[in-house]
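Breakdown of the fold
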Amino acid sequence: MSVGPRSMADEPLPGSARDGDRSDGARHGDRLDALLDQLRLQSDRPDGPARLVGWLARQLAADVTLTVRAPGTACPAPPTAAAPAPEASAPAGAAERLAPAAVAVGRLLNGEPPPPATPATTDRAPVQAGPLPDPLPGPLPDPTVRLFPIGVRRPHAVLALRRPEPLTALEVRLVTHTETVLGRLLAARESAAERAALHQVSASLRVAAFQLLMGGQITLARRTAAALVPGVLVHERARVYLVDCTTTDRNVTARVLAGSLAGRALLVRCPAHDTHLIVLAPLPQDAPLDEQGWCPTGLALRDVVERRPDHHLGGSTTVDLARTADAYREAFNALTVARNLPHRHALYQAQTQLAQLLGESATAWAERLLAPVLELPRDQRDEVIETTRLALAFSHAQTGRMLDVHRNTVARRIERGVGMLGLDWGSFQERAVLDLALQLLGEAPGRGSTGHRVRLSAILSCEAAKAWAQAFLAPLAEDRRPLLRTLAGWVTAGANARDTQAALGLHQQTVLDHLRTAERLLQRELTAGRGGAYELAWALWVSGAAALPGAPRRGSCAGGAAPG
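Residues numbered from 1 in each chain as written. Predicted model: local features only at pLDDT ≥ 70, side-chain atom pairs only at ≥ 80, totals over all residues. Heavy atoms only, no water.

1. Overview of the overall build of the protein chain
Formally: By definition, any uninterrupted DSSP run of H or I lasting at least four residues is a helix, any uninterrupted run of E lasting at least two residues is a strand, and each is numbered from the N terminus. Exposure classes here rest on a 1.4 Å probe applied to the protein chains alone. A residue is buried below 20% of its type maximum, exposed above 50%, and partly exposed in between. Only heavy atoms matter for contacts: two residues are in contact if any of them lie within 4.5 Å across the pair. Here the accessible surface of atoms and residues is derived via Shrake-Rupley with a 1.4 Å probe, and residues count as covered only by protein chains that are part of the display.
Counting secondary structure elements, the protein chain contains 21 helices and 12 strands. For the protein chain, buried positions account for 51% of its 564 residues. Contacts in the protein chain between residues far apart in sequence, at least 24 positions, make up 68% of those at least 6 positions apart. Here the protein chain has roughly 25,600 Å² of accessible surface; of this, 54% comes from carbon and sulfur atoms.

In structure tokens, the structure reads:
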């Protein structure tokens, strides 16, 4: 391993031939001062140990190597096993010249006592390589090689030194002090690695807790989060916030947010979007809200975002923990709105949801449509339903990362569910029907009446649904272009801009411009995220601007659970 670039500490130091007229004690003192400088200079450098090895090699005009046991290496190793390649060596070629000592170095790395050194007598003092309790039989193969185990715990790192001339007593003391400094540097590096590993474990557990919430497993999520952020999930209701860091390393923002939140929320690095941070903020019943509806956690996030021009913030409504997945979708929609606002933050507009207005007959329709899945064993049912809920709004890959499963697992669960329901996942309109059914199921599971079957067209023709659709589509009137016609054509064409272009005789760029304008006016994600597109489809079906699709292919749905 080569030595790093020269620095002030690499300049000729006391103890070289140029200051031979000075006393040995003075030279040794200067060397110790320089060694302390090395500790200061190298303490925060990843290559600090390597640079110190180079410094020692220059001081002693010797070959020097540093060998460190790799993390996770089995111990003990076979007695004749050679040591791994040195982490650092100096000068060039030192590793090759010290290669004959590899087995002895391996023994020290293995936690065994050092071999006896061949005594090297000078006119000052005899020298040997450190204390020799219970030595291994046989001297080192090269009497000019000296091994110095580093640290007080076995297995040691090993400093190997080769020089034809014997070391003086003061030089041995210099090596001993260098061992101490190397031990400090290696210990600091090991501690930093352990902290990084603990941080990674903590981050993974946070993601796991949020994934459990997304899957509706509240009890397991609470157990997982309890050791990370005690008490964070004790309340039954919460909000989800999404912070998009765009061009900034989200780890930098995460550190800032960790200080601002002070343990009152669950901070998660989003597994689906590399620039997103997720904040789940629990809300007690008496949580104060400002005049715009922001809770204290949301205000703290706003303060951080407002000081970073490339950041955006979206927040959900307050939901039960069991509806964390719905809150995530709301926050994602709000984030879309925030990107179009000068202040770069937005809360999801808590309009009354269509599913809340349709009554028991609609719930009964949803339960009949979903009956084959609802009849599965509970764990399989929940797995299919929660996966499908997320996949309706996000890609298979994003859904897999949110649930900590492979995208192929997501595809298999969806294929199983829609196959049982007789639906075509490739049809945007049938996905919109399925999304509405799942929304109705989430609003009032088990509330549906057992009376006569009703068709979706009748459900969507009620006055409450018409009022909802009118309010949903009203913002489009702010633009004088025929946005409603374009959106109706887009929904009928399966949310495909190219097919919409062909059907309406518009340029594809015109279609895309109309969609972007509609996203801003409706405050819904229509293209990148699909949840808002399904709401748009429902509103257009209710208003009559777009025709309801035909019935699903599953025969048992016809006449009762049929969507048309």
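And the narrative resumes.
2. Quick look at the packing of helix α19 (residues 497–504) against helix α20 (residues 508–522)
Put simply, the test is: Where helices are involved, their axes are fitted lines through C-alpha atoms of the stretch in contact, as for all axes, and angles between N-to-C directions lie from 0 to 180°. By the definition adopted for this analysis, an angle is roughly parallel if under 35 degrees, roughly antiparallel if over 145, roughly perpendicular if from 65 to 115, and oblique otherwise. Each helix crossing is assigned a hand: it is left-handed if the near helix lies turned anticlockwise from the far helix by less than a right angle, otherwise right-handed if that turn is clockwise. In this classification, Asp, Glu, Lys and Arg are treated as charged, Ala, Val, Leu, Ile, Met, Phe, Trp, Tyr, Cys and Pro as nonpolar, and every other residue, Gly included, as polar.
Interhelical geometry of α19 versus α20 gives an angle of 115° and a closest axis separation of 9 Å. The orientation of α19 relative to α20 falls into the category roughly perpendicular. Taken as a pair, α19 and α20 cross one another with a handedness that is right-handed. Residues A497, R498, T500 and Q501 of α19 lie in contact with α20, whose contacting residues are Q508, V511 and L512. Residue composition of the contact of α19 with α20, grouped by class: 3 nonpolar, 3 polar and 1 charged.

3. Description of the environment of V405
Locating V405 in the fold gives a position in the loop between α13 (396–403) and α14 (407–421). For the pair V405 and T387, spaced 18 residues apart in sequence, the C-alpha separation works out to 10.0 Å. When sequence neighbours within four positions are dropped, the list of residues in contact with V405 reads G400, V410 and R413.

4. A look at the sheet that holds strand β6 (residues 157–162)
The strands making up a sheet are joined through hydrogen bonds of the backbone, oriented either antiparallel or parallel. Test applied: We call two strands paired when DSSP finds no fewer than two bridges between them.
Strand order in the open sheet formed by 4 strands is β2-β1-β6-β5, with antiparallel pairing between adjacent strands. The strands lining the two open edges of the sheet, one partner per strand, are β2 (88–90) and β5 (145–150). Each strand axis lies, on average, 10° off the axis of its neighbour in the sheet, ignoring direction. Most of the contacts of helix α2 (residues 48–60) go to β2, to which it runs at about 25°, and overall it touches β1 (63–67), β2 and β6. In the packing of helix α5 (residues 169–214) onto the sheet, contacts are made with β1, β5 and β6, and the angle to β5 comes to roughly 40°.

5. Describing the pairing of strand β7 (residues 237–244)
For β7, a buried count of 7 out of 8 residues is recorded, marking the element as mostly surrounded by other parts of the structure. Where β7 lies against strand β11 (residues 319–320), 2 bridges are found, and the strand directions are antiparallel. Bridging from a neighbouring strand, R237 pairs with D320 of β11. The pairing of β7 with strand β9 (residues 276–282) spans 7 bridges and is classified as antiparallel. Its bridge partner being in β9, Y241 is matched across the sheet by V279. With 4 bridges connecting them, β7 and strand β10 (residues 312–315) associate as antiparallel partners. Each residue of the ladder has a partner; that of L242, found in β10, is G314.

6. Observations concerning the nonpolar core
The cut-off we apply is this: Grouping buried Ala, Val, Leu, Ile, Met, Phe, Trp, Tyr and Cys residues that are joined through side-chain atoms within 4.5 Å yields what is termed a nonpolar core.
Grouped together as the largest cluster of nonpolar side chains are 61 residues, with contacts concentrated most on L358, W365, L434, L536 and W541. The contact partners of L434, leaving out residues within four places of it in the chain, are L370, T388, L392, V418, L421, L423 and W425. Core analysis: the second largest hydrophobic core is formed by 34 residues, M214, A225, V232 and L403 among them.

7. Looking at the confidence of the model for the protein chain
This is how it is decided: Predictor confidence is given residue by residue as pLDDT, running from a minimum of 0 to a maximum of 100.
Scored by pLDDT, the protein chain has a mean of 79; 78% of the residues are at 70 or more. Scored below 50 in pLDDT, residues 551–564 shows 43 contacts in the model against residues more than four places distant or in partner chains.

8. Considerations on helix α18 (residues 483–492)
Helical periodicity: at 3.6 residues per turn, an α-helix aligns residues three or four positions apart in one direction. Along α18, 7 of the 10 residues are buried, which leaves the element largely enclosed by surrounding structure. Where α18 is concerned, the buried positions are L483, T486, L487, A488, G489, W490 and V491. Just downstream of α18, G494 is the residue with a positive phi angle, here 75°.

9. Some remarks on unusual backbone geometry
Across the chain, the bulk of peptide bonds are trans and the bulk of non-glycine residues have phi less than zero. For the bond running from A90 to P91, omega is -5°, close enough to zero to count as cis. Inspection of the secondary structure puts P91 in the loop between β2 and α3 (94–97). The phi angle at A61 is positive, at roughly 50°, despite the residue not being glycine. If you check the backbone angles, D404 has positive phi at about 60° while not being a glycine. Tracing the sequence through the fold places D404 in the loop between α13 and α14.

10. As for helix α8 (residues 296–306)
Residues of α8 that are buried: T297, G298, A300, L301, R302, V304 and V305. Packing partners of the buried residues in α8 comprise β7, α7 (250–261), β9, β10 and β12 (345–347).

11. So, the environment of G314
Structurally, G314 is set in strand β10. The sequence separation of G314 and I278 amounts to 36 residues, and the corresponding C-alpha distance is 10.0 Å. What G314 contacts, discounting residues up to four positions off in sequence, is V240, Y241, L242, A331, A334, L335 and A346.

12. Some points on the pattern of salt bridges
Pairs can form between side chains of opposite charge whenever their charged atoms are close. For clarity, the threshold we go by: Definition used for salt bridges: Asp or Glu carboxyl oxygen within 4 Å of a side-chain nitrogen of Lys or Arg.
Overall, the coordinates contain 21 salt bridges when judged by the stated rule. A salt bridge links R307 to D303; the shortest N-O distance between them is 3.0 Å. Residue R307 is classed as partly exposed on the basis of its relative accessible area of 48%. Taken together, the shared-partner salt bridges connect D63, R97 and R162 into one network.

13. Structural notes on the side chain of H345
We apply this condition: N or O atoms closer than or at 3.5 Å make up a polar contact, with two conditions inside protein: a donor-capable atom paired with an acceptor-capable one, and, for residues adjacent in sequence, both atoms drawn from side chains.
Locating H345 in the fold gives a position in strand β12. Within the local environment of H345, its side chain forms a polar contact with the side chain of E306, the two groups lying 3.3 Å apart. The residues contacting H345, other than those within four sequence positions of it, are W294, R302, E306, L313 and A338.

14. Digging into the packing of aromatic side chains
For any pair of aromatic rings, the description consists of the separation of the ring centres together with the inter-plane angle of the planes. The criterion, for reference: A pair of Phe, Tyr and Trp rings is counted when the ring centres sit within 6.5 Å of each other, with Trp represented by its six-membered ring. The angle between the planes then sorts it: under 30 degrees is stacked, over 60 is edge-to-face, the rest tilted.
If you walk through the whole model with that rule in mind, you get 8 aromatic pairs. For the pair Y241 and W294, a centre-to-centre distance of 6.0 Å together with 15° between the ring planes defines the contact as stacked. Placement of the pair is Y241 in strand β7 and W294 in the loop between β9 and α8, with a sequence separation of 53 residues. We note that Y241, like W294, is buried. With 6.4 Å between their ring centres and 35° between their planes, Y328 and F332 make a pair best called tilted. In this pair, Y328 and F332 are both assigned in helix α9 (residues 324–338), 4 residues apart and thus about one turn of the helix distant. With respect to class, Y328 is no different from F332; both count as buried.

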